[in-house]
Amino acid sequence: LSQSREKELFELLIREHATSLRVVLRAALHDSSCLDELFQETLVRAWDALPRFDRERDFGKWLRGIARNVLREHWRARAATPVGEELLEVIESHCEDFQRQRHDTLGDELGRLNLCLERLPEHFREAVEHRYRAGLKGQGLAERLGIQFENVKKRLQRARKLLLECMQREARLES
Amino acid sequence: MEPKDPSRRVDLSELSSDLPEPGSLSVEEEAEQRFVDALLGEILTVQASRRQERIAEIVAAVPKRRSRLLHHPGWLSAAAAAVLLALVTLWAVAAEPESLLAFVQKAKAESARAGDRRYELRVQPALGRERVRELYTRGESAFVLRGSFLWGQFVLGRNARQAWLVPPLPRGPVRVLDSPDSWDRILEGQGLDLVTLDARELLQELDPSWQLIELPQPDSTRLQLRADRRAQAGELRRIELEAEAATGKVLRMRAEWGDPDAEQPRRRLELRLVSEDPLPANWFEHRAHHESDRAVWELR
């Protein structure tokens, strides 16, 4: 392959696996301000290592493995507390499930998520909308919802659990 | 709620997080929470709609494979003063009207003058986005180049005794080499893609195929020149220079490489003089650019 053709194919693969890659990075970071930097570093390393990629392997899993190495170096360089390997393994298994559902576009991803969001009880849905779509955090979010921050955390925790269960159920139905 | 493992250090960002405290749930539950939080953060926020563009940008900016780059130190950057000298030398050999030639000689002498200069350096590599760096020079040979790369800010410098590199923090100790002429050695293994311009490349370009023309002047105090030639793919094809008419001081310089018929250049470099204010005496020493307790490696 010419380098330009190789790059086109690489970009296609990256587009397909970008969400799960970024989810792994975001889930492992305490602070998402360096998410873009680590995402970019992962892609650069993947491009460097592409000639050695075994085509029989799962590209997404390979890519996320590179991301985990990038994360380890990131934590070491900052003397930060790493997220445990066991926790990363469980996140990886969720990513694999998510990847298997073949989301071709951002619209597909949004579609299933919105479906499950609509099924959430009102007060959970409201918390998720304000937290993620509107980007509210901390005390601002608590004030908007009119509850204590500790209760916001509990409400979001419950909402996330319900969302995951719903998405897993939908995926099973589709398959 | 206290984490189950009290020895674990908790970041401030975690304390204000709406995720459960680390250790307060089982590993599976904590992973579920982090996974869904990350998924929502990726898909539901406004940033998600920009993600596709962002991917295209990053992939476009992925450099040539590093292992190949490291075998081509000729791609690495050179001091601005050397670049300017190379350019004016290039023009000096072209058979052009006497007045322009005299002006080029004046610019050459001015570029070699001792003194501090600060430039803005804009580099458009063949792949990826334009990069903006700061370049400081003192006389003909001392320089400091500051910019950022994937891992953070780097500072590269050279003075009469040493070449040095302050890499982005994750890349570890400061590298110092007591051999300033082989300064590009300190970049080995750093993965820094300093695709700018090597003066040696320009010096090889000396031939009479260049056409030197004077461009319409913006005002009576400045002179603008342009040199063009029919270049092969990837070769230097155009150089523009803007200088003070009275002194020959170079205010702006632009070099383009590319295919002769392409409208856009493949690579472009632009230097703009920002200031001539005196810099601190130690500005060209590495210690002026990092914390005093940062580790320093002396390379052999």
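Residues numbered from 1 in each chain as written. Chains lettered and ligands numbered in written order. Predicted model: local features only at pLDDT ≥ 70, side-chain atom pairs only at ≥ 80, totals over all residues. Heavy atoms only, no water.

Q: Even after reading the chapter, I still don't get the overall build of chain B, so can you show me in this structure?
A: In terms of helices and strands, chain B carries 7 helices and 12 strands. The buried share of chain B, taken over its 300 residues, is 52%. Restricting to contacts in chain B with at least 6 residues of sequence separation, those with at least 24 account for 50%. Carbon together with sulfur atoms contributes 51% to the accessible area of chain B, which is approximately 14,100 Å² in total. (Helix = DSSP H or I, 4+ residues; strand = E, 2+ residues; numbered from the N terminus. Buried < 20%, exposed > 50% of the residue type's maximum accessible area, 1.4 Å probe, protein only. Contact = heavy atoms within 4.5 Å. Areas by Shrake-Rupley, 256 points an atom, 1.4 Å probe, with all protein chains shown as cover.)

Q: Even after reading the chapter, I still don't get the pattern of salt bridges, so can you show me in this structure?
A: It is possible for side chains of opposite charge to pair when their charged atoms get near one another. Residue and element names in this part refer to chain B. Following the criterion strictly, the structure yields 31 salt bridges over all chains and no others. Residues Arg-272 and Glu-120 are paired through a salt bridge, measuring 3.5 Å at the closest nitrogen-oxygen approach. Of this pair, Arg-272 sits in strand 11 (residues 267-275) while Glu-120 sits in strand 1 (residues 116-124); the two residues are 152 residues apart in sequence, bridging distant segments of the chain. Among the residues examined, Arg-272 registers a relative accessible area of 37% and is labelled partly exposed. (Salt bridge = Lys/Arg side-chain N within 4 Å of Asp/Glu carboxyl O.)

Q: Teacher, can you tell me more about the state of the cysteines here?
A: In a disulfide, the sulfur atoms of two cysteines are covalently bonded to one another. Residue and element names in this part refer to chain A. Taken as a whole and judged by the stated rule, the model has 1 disulfide over all chains. Here Cys-116 pairs with Cys-166 through a disulfide, and the sulfurs are 2.1 Å apart. Its torsion about the S-S bond being -80°, the disulfide of Cys-116 and Cys-166 is classed as left-handed. Pair noted here: Cys-116 is in helix 5 (residues 106-119) and Cys-166 is in helix 8 (residues 149-174), with a separation of 50 residues, a long-range link. Under the relative-accessibility criterion, Cys-116 is labelled buried at 1%. Accessibility expressed as a relative area gives 3% for Cys-166, which makes it buried. (Disulfide = S-S within 2.5 Å.)

Q: Where do I start with the side chain of Asp18(B) in this structure?
A: Among the structural elements, Asp18(B) can be located in the loop between helix 1 (12-15) and helix 2 (27-43). Take Asp18(B): its relative accessible area is 4%, and that puts it in the buried class. Among the polar contacts made by the side chain of Asp18(B), one reaches the side chain of Arg131(A) at a distance of 2.6 Å. Only 3.0 Å separates the side chain of Asp18(B) from the side chain of Arg160(A), close enough to count as a polar contact. Ignoring sequence-local partners within four residues, the contact set of Asp18(B) consists of Arg131(A), Leu141(A), Phe149(A), Lys153(A), Leu156(A), Arg160(A) and Asp37(B). (Polar contact = N/O pair within 3.5 Å; in protein donor to acceptor, adjacent residues only side chain to side chain.)

Q: How should the pairing of strand 11 of chain B be read in this particular structure?
A: Successive side chains on a regular strand alternate, one facing one side of the sheet and the next facing the other. Residues and elements named next belong to chain B. The element strand 11 is largely enclosed, with a buried count of 7 among its 9 residues. In terms of strand pairing, strand 1 meets strand 11 through 7 bridges, oriented antiparallel. The residue bridging Arg-122 from the neighbouring strand is Glu-270, located in strand 11. Across 6 bridges, the pairing between strand 10 (residues 250-257) and strand 11 is antiparallel. The partner of Trp-257 across the bridge, within strand 11, is Arg-267. (Pairing = 2+ DSSP bridges.)

Q: Could you clarify how one ought to interpret the side chain of Arg175(B) in this entry?
A: Note on placement: Arg175(B) falls in strand 6 (residues 174-177). Among the polar contacts made by the side chain of Arg175(B), one reaches the main-chain carbonyl oxygen of Pro173(B) at a distance of 2.8 Å.

Q: Looking at this structure, I do not really get the confidence of the model for chain B. What am I missing?
A: All names here are of chain B. With 55% of its residues at a pLDDT of 70 or more, chain B shows a mean pLDDT of 69. Mean pLDDT across the elements of chain B ranges from a minimum in helix 4 (residues 66-70), with 31, to a maximum in helix 2, with 90. Between residues 1-15, whose pLDDT stays under 50, and residues either more than four places distant or in other chains, the model counts 20 contacts. In this model, residues 91-97 is a region of pLDDT below 50 whose contacts with residues beyond four sequence positions or in other chains number 15 contacts. Across the predicted assembly, pTM comes out at 0.49 and ipTM at 0.92. (pLDDT = per-residue confidence, 0-100.)

Q: What is the right way to read helix 7 (residues 138-145) of chain A from this model?
A: Because an α-helix packs 3.6 residues into every turn, residues spaced three or four apart end up facing the same way. All names here are of chain A. When we look at burial in helix 7, the residues that qualify are Gly-138, Leu-141, Ala-142 and Leu-145. Along helix 7, the residues classed as buried sweep out an arc of 100° about the axis, all on the same side. Where helix 7 terminates, the next one or two residues include Gly-146, which has phi positive at roughly 70°. (Arc of directions from axis to C-beta.)

Q: Would you take a moment to explain the packing of aromatic side chains for this structure?
A: Think of a pair of aromatic rings as described by two things: how far the centres are apart, and how the planes are tilted against each other in angle. What the rule picks out here adds up to 3 aromatic pairs over all chains. Judged by centre distance (5.1 Å) and plane angle (70°), the rings of Tyr136(B) and Trp283(B) are edge-to-face. Highlighted residues: Tyr136(B) in strand 2 (residues 131-138) and Trp283(B) in the loop between strand 11 and strand 12 (296-299), separated in sequence by 147 residues. Given a relative accessible area of 5%, Tyr136(B) falls into the buried group. Of the residues examined, Trp283(B) reaches a relative accessible area of 14% and is grouped as buried. Directly above the ring of Phe39(A) sits Arg22(A), whose terminal nitrogen or CZ lies 4.8 Å from the centroid. A cation sits over an aromatic face here: Arg131(A) above Tyr132(A), 4.7 Å from the ring centre. (Phe/Tyr/Trp six-rings, centres within 6.5 Å; stacked < 30°, edge-to-face > 60°. Lys NZ or Arg CZ within 6 Å of the ring centre and 35° of its normal.)

Q: Help me understand helix 6 (residues 122-133) of chain A, please; the structure alone is not making it clear to me.
A: All names here are of chain A. The first and last C-alpha atoms of helix 6 sit 15 Å apart over 12 residues, in line with the 16 Å expected at 1.5 Å per residue. All buried positions along helix 6 are accounted for by Phe-124, Ala-127, Val-128, His-130, Arg-131 and Tyr-132. Once helix 6 finishes, Gly-135 follows within two positions and takes phi at roughly 75°, a positive value. (Expected span 1.5 Å × (residues − 1).)

Q: What am I meant to see in the confidence of the model for chain A here?
A: Residues shown with low pLDDT carry predicted positions that ought not to be read at fine detail. Across chain A, the average pLDDT comes to 84, with 90% of residues at or above 70. Mean pLDDT across the elements of chain A bottoms out in helix 5 of chain A (75) and peaks in helix 6 of chain A (93).

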